[in-house]
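# Tertiary structure, described
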Amino acid sequence: MEENRTRTCLKLGLFLAFFFQGAICSVLNEENPYRHIAKLDQRENYIVEWEVDWDTKRITFNVTVRTTGYVGFGLSKRGEVDGADIVIGGVDRNGRSYFGDHHGTRGQGLERDASQDWILLDAWERGSRTFLSFSRAFETCDSEQDLPITDDLLNIIWTYGSTNNENPLNFRSRGELPVYLLDPDLVPRRLDERVPNNVQRPLLDRSTRIFNMTTTRRIQAQETTYWCSFHKTPTRSKHHIIGFKTNFPTERDRRHVHHLLVYRCHPPPGVNPATLFDTESEGGECYFIRDPNPMNTQYCTEDIHVFAVGARPSFFPEHVGIPMSASGEEYFLIQTHYDNPNVIPNLSISYSLEAYYTRNLRQYDVGMLSLGVITPGSTSIIIPPNSVDHSLVGHCAPGCTGQMLPDEGINVFASFLHTHQTGSAARYHHFRGNKELPWILTDDNYDFDYQQYRVLREERKVLPGDLLINRCTYDTTHTNGSAVVGGFSTRQEMCTAFLWYYTRSNTHVFCRSELKTDEYLDLVGVRTTRWDPNRRAMVITSPSQYRGVSMADYATNYIHWDDEMREEIQRRHIYDVHVLQCPRFTPDAVATEAQLQTEGAPAPTPSRSRGRGLTIARSRQTQGPITSSFPTNIPQYKRPTRCTRTENRAQERGREGRGWSRN
């Protein structure tokens with residue numbers, strides 16, 4: 001009965017019920033992951049709903065706005081009016097609706113589109129509020145004046161006025177909301193801060209509990225701090241974690257936490273975990289958790305969760321869960337990256353990480369893999385200054401997937417793409433045999449301030465022998481003429497992706513690569529580097545004339561960045577042979593970072609036949625280090641076009657009706 005009541009309310013218009021009739025219409029049981037809702041301001045003056053229809057390749061928006069004047073709504077790449085796809089609509093004093101498709105120009109100007117591709121489905125005004133329902137095809141064929149709606153990040157921009165104006169000359173945006181419009185959303189409504197009129201109730205049902213990992217830390221007066229702490233799980237029998245939510249008491253706390261990584265700890269056989277991890281210490285600095293140190297972090301290498309800047313809660317599909325306490329008493333390690341760019345002294349930062357867990361076990365155990373370029377990247381991550389679209393790649397080669405994955409493969413259901421501040425695009429390639437399959441995940445409008453766990457629309461099967469390549473693109477035009485190198489700071493770079501899959505492996509946790517060919521090392525002029533814990537930076541150890549110089553200083557001040565150098569390093573970053581690391585981990589045999597390093601053991605010099613599909617890549621795995629290169633002579637996957645132009649708009653309006661929130 002409750003489910004039927006909820007759906008009935010939605011059909012009648014969610015916010016019609018909320019604001020005009022005074023009814024209480026719950027959205028907490030809404031089961032459609034392609035129906036979304038968000039308040040665009042804290043006073044709830046502007047509410048947007050949208051629903052994705054994959055059959056018709058259209059998206060429908062409902063907006064409910066506290067005004068009796070015009071309503072403006074737009075889609076923008078970076079929240080700017082210039083280049084945005086904008087509609088203006090409303091209901092005039094005579095009860096007549098008006099609606100128009102525009103595009104933004106410089107100086108917040110507006111021009112009406114020659115092709116009117118947005119369709120008004122419904123419009124009415126009640127009391128102090130205006131309601132509009134309108135739809136658009138994912139791609140309209142109007143590439144000059146419309147933005148395509150794809151898997152890339154977009155920003156909803158919005159405005160409204162106190163008077164009606166069918167053709168305003170400008171669009172003064174009141175705010176923006178970053179969104180992946182086409183992604184499914186599994187966040188329970190009661191836990192979603194974007195949902196309006198929502199009193200958040202933390203427990204989902206009687207079988208669900210919260211493992212709350214609360215941390216308050218006074219961080220040092222330095223730009224970057226990585227801090228590790230242990231947290232004992234609340235159960236001794238197997239449960240499933242079904243989701244995570246990170247809470248910050250204040251905006252200041254949120255601003256100074258760049259990311260959290262949660263690891264499962266595995267004590268050696270026969271060792272009581274409490275003797276290793278149950279410490280009264282508040283933790284300590286930790287950058288390489290696989291290295292032995294007083295905190296015993298080397299036993300905590302299995303990723304189970306990641307949070308980064310701007311992330312929303314992350315919840316799993318109902319058939320999977322992360323196992324917790326499957327073998328009895330268990331501990332998690334949280335590595336927190338604190339970001340203090342202004343070097344504020346005595347800065348106290350708090351947060352709480354909530355793990356939602358249930359005793360009702362789900363069908364499959366979830367595993368998590370981290371993949372990409374080795375961090376901190378050393379010589380592999382060097383991005384020239386003033387570059388608009390320089391790209392790096394990280395490999396997980398057939399020689400690694402053949403070792404890591406079971407014969408039946410794994411089922412990937414979610415992914416998380418990660419770079420730092422200069423990242424502008426990211427993509428996860430998937431190759432099998434002599435063919436590139438559809439990308440696992442892509443975002444050509446990546447935003448460092450909005451990094452999300454993204455559930456895939458369709459699960460992806462990854463088989464032994466497949467090649468996975470994480471590609472990251474960077475824009476360094478705003479780094480004051482400095483090159484950018486790999487590192488732990490947000491002002492340095494990473495190229496990492498995380499994959500959630502089932503069924504979980506107990507032996508492999510990451511797959512990463514680096515560039516070590518003689519030709520590449522000769523090009524950049526550096527042979528070996530080391531981590532300097534006092535400077536918290538990678539410094540050069542050879543050649544001797546640069547010994548002690550940091551990689552950041554060297555890349556900016558010692559490399560001559562002419563056009564020829566830029567082109568050559570870009571070519572090698574994409575196509576040179578990579579050396580892989582995909583070690584097998586067991587609690588009593590944890591490889592240290594030093595043991596994993598391939599410095600001093602350059603990769604084989606690439607041959608003329610480099611990249612001719614995956615057969616050659618596999619042949620290199622017979623002995624020595626596992627290597628891989630980007631395939632070049634096989635069909636490359638291209639994003640399919642969904643361009644559909646509506647010729648008969650009157651017929652379209654009749655077919656679509658008046659929107660799903662029909663009055």
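Residues numbered from 1 in each chain as written. Predicted model: local features only at pLDDT ≥ 70, side-chain atom pairs only at ≥ 80, totals over all residues. Heavy atoms only, no water.

## Notes on unusual backbone geometry
When glycine is set aside, most residues are seen to have a negative phi, and most peptide bonds are trans. Selection rule: A run of DSSP states H or I qualifies as a helix once it reaches four residues; a run of E qualifies as a strand once it reaches two. Both are numbered from the N-terminal end.
Cis geometry is adopted by the peptide bond preceding P376, which originates at T375 and carries an omega value of 15 degrees. On the secondary structure map, P376 appears in the loop between β23 (367–373) and β24 (382–383). Phi is positive for E44, close to 60 degrees, though the residue is something other than glycine. With respect to the helices and strands, E44 occurs in the loop between β1 (35–39) and β2 (46–53). At N296, a residue that is not glycine, the phi angle is positive and equals roughly 60 degrees.

## A word on the packing of aromatic side chains
To keep things clear, this is the line we draw: For Phe, Tyr and Trp, where Trp contributes only its six-membered ring, two rings pair if their centres lie within 6.5 Å, and the inter-plane angle classes them as stacked under 30 degrees, edge-to-face over 60, or tilted in between. Each residue is assigned to one of three classes by its accessible area relative to the maximum for its type, calculated with a 1.4 Å probe on protein chains only: buried under 20%, partly exposed between the two thresholds, exposed over 50%. Whether a charge sits over a ring comes down to the Lys NZ or Arg CZ being within 6 Å of the ring centre and within 35 degrees of the ring normal.
Inspection of the entire model under this criterion finds 38 aromatic pairs. With 5.5 Å between their ring centres and 35 degrees between their planes, F99 and F134 make a pair best called tilted. With F99 in strand β6 (residues 97–105) and F134 in strand β9 (residues 129–137), this residue pair connects regions lying 35 residues apart in the sequence. Looking at F134, the relative accessible area reads 0%, which means it is buried. Aromatic side chains F230 and F277 sit 5.2 Å apart centroid to centroid with 45 degrees between the ring planes, which places their arrangement in the tilted category. Residue F230 is found in strand β13 (residues 224–232), and its partner F277 is found in helix α4 (residues 273–277); the two are separated by 47 residues along the sequence. Each residue in the set F316, Y364, F413, Y453, W500 and Y502 is aromatic and connected to the rest through ring pairs, giving one cluster. One cation-aromatic arrangement involves R174 over Y160; the distance from NZ or CZ to the ring centre is 3.9 Å. Of note, R427 hangs over the ring of W439, and the distance from its end group to the ring centre comes to 3.7 Å.

## Remarks on the side chain of N155
Where we set the bar: Polar contact criterion, stated in full: a pair of N or O atoms within 3.5 Å, where within protein one must be able to donate a hydrogen and the other to accept it, and residues adjacent in sequence count only if both atoms are side-chain atoms. Any two residues having at least one pair of non-hydrogen atoms within 4.5 Å are treated as being in contact.
Here N155 is to be found in strand β10 (residues 154–160). Engagement of the side chain of N155 in a polar contact is seen with the backbone oxygen of K77, the distance being 3.0 Å. Sequence-distant contacts of N155, defined by excluding residues within four places in its chain, comprise G74, L75, S76, K77, R78, G79, E176, L177 and P178.

## Some thoughts on the state of the cysteines
Note the cut-off: In this description, the term disulfide denotes a pair of cysteine sulfurs within 2.5 Å.
Applying the stated criterion across every chain, the model contains 5 disulfides. Through a disulfide, C472 is tied to C495; the S-S separation comes to 2.1 Å. Between C472 and C495, the S-S dihedral sits near 90 degrees, and the bridge is therefore right-handed. With C472 in strand β30 (residues 467–474) and C495 in the loop between β31 (484–485) and β32 (496–502), the pair connects residues that are 23 residues apart, well separated along the chain. By the burial criterion, C472 is buried, and C495 matches it.

## Focus on helix α8 (residues 563–575)
Because an α-helix completes one turn every 3.6 residues, residues spaced three or four positions apart along the sequence face the same direction. Here is the rule we go by: To estimate how far a helix should extend, the number of its residues minus one is multiplied by 1.5 Å.
An ideal rise of 1.5 Å per residue puts 18 Å on 13 residues; α8 measures up with 18 Å between its terminal C-alpha atoms. Residues M565, I569, Q570, R572, H573 and I574 constitute the buried set of α8. On its buried face, α8 sits against β24, β25 (390–396), β30, β33 (510–515), α6 (518–524) and β36 (578–581).

## Observations concerning the nonpolar core
Short version of the rule: Among buried residues, those of type Ala, Val, Leu, Ile, Met, Phe, Trp, Tyr and Cys that are joined through side-chain atoms within 4.5 Å constitute a nonpolar core.
Formed by 52 residues in total, the largest nonpolar core has its most connected members in F413 and W500. Looking at this core, the element that brings in the most residues is strand β21 (residues 347–358), giving 6 residues. For F413, the residues in contact, after removing those within four places along its chain, are F316, P317, V320, V366, Y453, R454, V455, L456, E459, W500, Y501 and Y502.

## Observations concerning the sheet that holds strand β16 (residues 284–285)
Note the threshold: In this analysis, strands are considered paired if DSSP registers two or more bridges between them.
On the basis of which strands lie adjacent, the open sheet formed by 5 strands has the order β16-β13-β20-β15-β17 and antiparallel pairing. With partners counted over all chains shown, the strands left at the sheet margins are β16 and β17 (302–308), one partner each. The pairing of β13 with β16 spans 2 bridges and is antiparallel. Directly across from W227, in β16, lies its bridge partner E285.

## A look at the side chain of S489
Note that S489 resides in the loop between β31 and β32. Residue S489 is classed as buried on the basis of its relative accessible area of 10%. There is a polar contact of 3.0 Å between the side chain of S489 and the backbone nitrogen of R491. Discounting chain neighbours no more than four positions away, the residues touching S489 are E223, T224, H337 and H420.

## So, the pattern of salt bridges
Short version of the rule: Every case where a carboxyl oxygen of Asp or Glu lies within 4 Å of a side-chain nitrogen of Lys or Arg is listed as a salt bridge.
Tallied over the full model, the rule gives 31 salt bridges. For R427, the salt bridge identified is with D444, shortest N-O distance 2.9 Å. Taken together, the residues span a long stretch of sequence, with R427 in strand β27 (residues 423–432) and D444 in the loop between β28 (435–443) and β29 (454–462) at a distance of 17 residues. Using a relative accessible area of 17% as the deciding quantity, one classes R427 as buried.

## Some remarks on the sheet that holds β32
In spatial order, the strands read β29-β26-β32-β23-β33-β36-β37; together these 7 strands make up an open sheet with mixed pairing. Lying at the two open borders of the sheet, with one neighbouring strand each, are β29 and β37 (627–628). In terms of strand pairing, β33 meets β36 through 4 bridges, oriented antiparallel. Bridged to L515 within β36 is H578.

## Observations regarding the environment of H36
When you line up the elements, H36 lands in strand β1. Taking relative accessible area as the criterion, H36 reaches 4% and is therefore assigned buried. As for H36 and V48, which are separated by 12 residues in sequence, their C-alpha atoms are 8.3 Å apart. Leave out the neighbours within four places in its chain, and H36 touches V48, E49, W50, L181, D183, P184, D185 and R189.

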